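Fold and geometry: a report
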Amino acid sequence: MVEIGIRYEKTVAVNESMLANVVDSELPPVYSTPCLVALMEGTSAELMKPYLAEGEGTVGMSINVKHLAATPCGMEVKCLSEVKEVKGKKIEFEINAYDENGLIGTAIHRRAIINKEAFLAGINLK
């Protein structure tokens with residue numbers, strides 16, 4: 001059962017494929033916001049895995065991100081996700097991300113628990 005306060009942490013090393021200038025060569029060579037968002041969402045999804053029944057998964061519903069500081073290539077980014085609210089099958093997470101110099105991002109993220117088979121069947125009808 002998912003409970004308020006459970007946490008999960010994931011760390012990644014920033015590499016060249018994660019830099020903003022990969023998307024647009026005029027952007028600086030720093031950890032991109034899309035990669036930060038993906039790390040935050042992925043960390044929250046991984047947090048949920050031990051609490052899901054067979055055949056269940058989670059999908060993102062919303063994410064409100066503040067990317068507060070730039071991180072250069074080669075640094076590590078640590079992401080910490082914590083469950084803040086549980087409303088049935090909807091879960092809200094508070095997320096903080098840090099590089100070696102401190103806080104670089106925060107987010108409020110919502111995910112829903114789904115039946116994977118039923119979810120995929122619905123997609124196939126589109």
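Notes on the structure follow. (Residues numbered from 1 in each chain as written. Predicted model: local features only at pLDDT ≥ 70, side-chain atom pairs only at ≥ 80, totals over all residues. Heavy atoms only, no water.)

Tallying secondary structure elements over the chain gives two helices and five strands in all. When the helices and strands of the chain are read in sequence order from the N terminus, they spell out β-α-β-β-β-β-α. If one aligns the C-alpha atoms of the chain with their principal axes, the spans along those axes are about 45 × 35 × 20 Å. By the burial criterion, 34% of the 126 residues in the chain qualify as buried. In the chain, the share of contacts with a sequence separation of at least 24, taken over all contacts with a separation of at least 6, comes to 66%. Only carbon and sulfur atoms are counted for the fraction: they give 53% of the accessible area of the chain, which is about 7500 Å². Measuring between centres, the 13 positive side-chain charges of the chain sit 8 Å from its 17 negative side-chain charges. (Helix = DSSP H or I, 4+ residues; strand = E, 2+ residues; numbered from the N terminus. Buried < 20%, exposed > 50% of the residue type's maximum accessible area, 1.4 Å probe, protein only. Contact = heavy atoms within 4.5 Å. Areas by Shrake-Rupley, 256 points an atom, 1.4 Å probe, with all protein chains shown as cover. Lys, Arg positive; Asp, Glu negative; His and termini not counted. Charge placed at Lys NZ, Arg CZ, Asp CG, Glu CD.)

Let's shift gears to the side chain of Ser81. Note that Ser81 resides in strand S3 (residues 76–87). Owing to a relative accessible area of 0%, Ser81 belongs among the buried residues under this scheme. Here Ser44 takes part through its side chain, which lies 2.8 Å from a polar atom of the side chain of Ser81. Residues within four places of Ser81 in sequence aside, it is in contact with Ile6, Arg7, Tyr8, Thr43, Ser44, Leu47, Phe93, Glu94 and Ile95. (Polar contact = N/O pair within 3.5 Å; in protein donor to acceptor, adjacent residues only side chain to side chain.)

This part covers the pattern of salt bridges. Summed over all chains, the structure comprises seven salt bridges. Glu41 is the partner of Arg111 in a salt bridge, and the nearest nitrogen-oxygen pair spans 3.1 Å. Of this pair, Arg111 sits in strand S5 (residues 102–115) while Glu41 sits in helix H1 (residues 33–48), placing them 70 residues apart in sequence. Overall, the relative accessible area of 30% leaves Glu41 in the partly exposed class. Across the pair Glu82 and Lys84 runs a salt bridge, and its minimum N-O distance is 3.7 Å. On the accessibility criterion, Lys84 (34% relative accessible area) is partly exposed. (Salt bridge = Lys/Arg side-chain N within 4 Å of Asp/Glu carboxyl O.)

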